[in-house]
Structure formats: structure tokens, C-alpha cells
Amino acid sequence: MVKWIGVNKFAMDYDIQRNTYTNSYEIAFDGKRGIDDWMADELTAYDSEYLCHEILLASNTTIIIRFRDIEVLKL
């Protein structure tokens, strides 16, 4: 489990139109699949005070979280 501490920005560019069947405008799985699987992520320094966590999902959605500290807990 990931816990971001001191978050001052959260952005997500999810667009359900990306989740269409090939050569179609029909939304796959009637839009019930959610935002998709976590594919990759990167932690970087934003400035001297904040870190940035950028997460790429299989649906081509990007999540950006700017925060001061992070905890990664074993489930």
C-alpha cells in the first residue's frame, strides 16, 4: 500500500474514449472496467520540498501526485 503525505497536487487525465474497441466508438466493457492496470511509475524530485509520483496505467491514463513524503507499507 502506498501513502502519500503532504499532497499539494493530484492530477489524472483519464478519458473513457480511449477505452474503445478497435475501429469503433463503442466503449469497451460498457465502461465498467475502471481506469485499468498500473503499468509503470516514476518518483522524482519536483523541487527542494516536494516529490512527484507519475503513474502510467494501461489505459494510457497518467496520474500525477505531488507530495512531501511517502510511505510504502507491506500488505
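Everything below is about the structure shown above.
I will try to describe carefully the structure that is included in this document. Being a predicted model, the structure only gives us computed values, none of them experimental. (Residues numbered from 1 in each chain as written. Predicted model: local features only at pLDDT ≥ 70, side-chain atom pairs only at ≥ 80, totals over all residues. Heavy atoms only, no water.)

A look at the overall build of the chain
What counts, and what does not: Labels follow the DSSP assignment, with helices taken as runs of H or I lasting at least four residues and strands as runs of E lasting at least two, numbered in each case from the N terminus. Exposure categories follow from relative accessible area, calculated using a 1.4 Å probe and restricted to protein chains: below 20% of the type maximum is buried, above 50% is exposed, and the middle band is partly exposed. The contact criterion used is simple: two residues touch if any of their non-hydrogen atoms lie within 4.5 Å. We get accessible surface area from the Shrake-Rupley algorithm with a probe of 1.4 Å; when it comes to residues, only the shown protein chains can shield them.
Scanning the chain for helices and strands turns up zero helices and six strands. Its helices and strands in sequence order give the chain the pattern β-β-β-β-β-β, from N to C terminus. Of all 75 residues assigned to the chain, the portion counted as buried reaches 19%. Once local pairs closer than 6 in sequence are excluded, the contacts in the chain between residues at least 24 apart make up 43%. Surface accessibility of the chain: about 5700 Å² in total, with carbon and sulfur atoms responsible for 52%.

A look at the environment of methionine 12
Tracing the backbone through its elements, the reader meets methionine 12 in strand E2 (residues 9-12). With relative accessibility at 41%, the residue methionine 12 sits in the partly exposed group. C-alpha of methionine 12 to C-alpha of glutamate 54: the two residues are 42 residues apart in sequence and 9.8 Å apart in space.

A few points about the pattern of salt bridges
Applicable threshold: The salt bridge definition used is simple: a Lys or Arg side-chain nitrogen within 4 Å of an Asp or Glu carboxyl oxygen.
Following the criterion strictly, the structure yields one salt bridge and no others. Its salt-bridge partner being arginine 68, residue glutamate 49 comes within 2.5 Å of it at the nearest N-O pair. Of this pair, glutamate 49 sits in the loop between strand E3 (38-45) and strand E4 (51-57) while arginine 68 is found in the loop between strand E5 (62-67) and strand E6 (69-72), placing the two residues 19 residues apart along the sequence. Judged by its relative accessible area of 46%, arginine 68 falls in the partly exposed class.

Concerning the sheet that holds E4
Strands in a sheet are paired, the pairing made by backbone hydrogen bonds, and the direction either parallel or antiparallel. Selection rule: Strands pair, by our definition, only if DSSP identifies at least two bridges between them. Helix axes use the C-alpha atoms of the stretch in contact, all axes being lines fitted to C-alpha atoms, and the angles between their N-to-C directions lie in the range 0 to 180 degrees.
Sheet architecture is open: four strands sit in the order E2-E5-E4-E3, paired in antiparallel fashion. Of all strands in the sheet, those bounded by a partner on one side alone are E2 and E3. The average angle at which neighbouring strand axes cross in this sheet is 10 degrees, direction not considered.

Re the packing of aromatic side chains
Going by this rule: When the centres of two rings from Phe, Tyr and Trp lie within 6.5 Å, Trp using its six-membered ring, the rings pair. Their planes under 30 degrees apart give stacked, over 60 give edge-to-face, and anything left gives tilted. A positively charged side chain is recorded as over a ring if its NZ (Lys) or CZ (Arg) lies within 6 Å of the ring centre. The angle to the ring normal must also be within 35 degrees.
Taken as a whole and judged by the stated rule, the model has zero aromatic pairs. One Lys or Arg, arginine 66, reaches over the ring of tyrosine 46 and ends 3.9 Å from the middle of that ring.

Brief notes about the nonpolar core
We count it as follows: The criterion is simple. A nonpolar core is a set of buried Ala, Val, Leu, Ile, Met, Phe, Trp, Tyr and Cys residues joined through side-chain atoms within 4.5 Å.
In terms of nonpolar packing, the biggest core is built from five residues, these being Ile55, Leu57, Ile63, Ile65 and Phe67. If one sorts the elements of this core by residue count, E5 sits on top with three residues. In this structure phenylalanine 67 touches Trp4, Ile5, Gly6, Val7, Leu43, Glu49, Tyr50, Leu51, Cys52 and His53, once residues within four positions along its chain are discounted.

No statement about biological role is implied by the geometric values presented.
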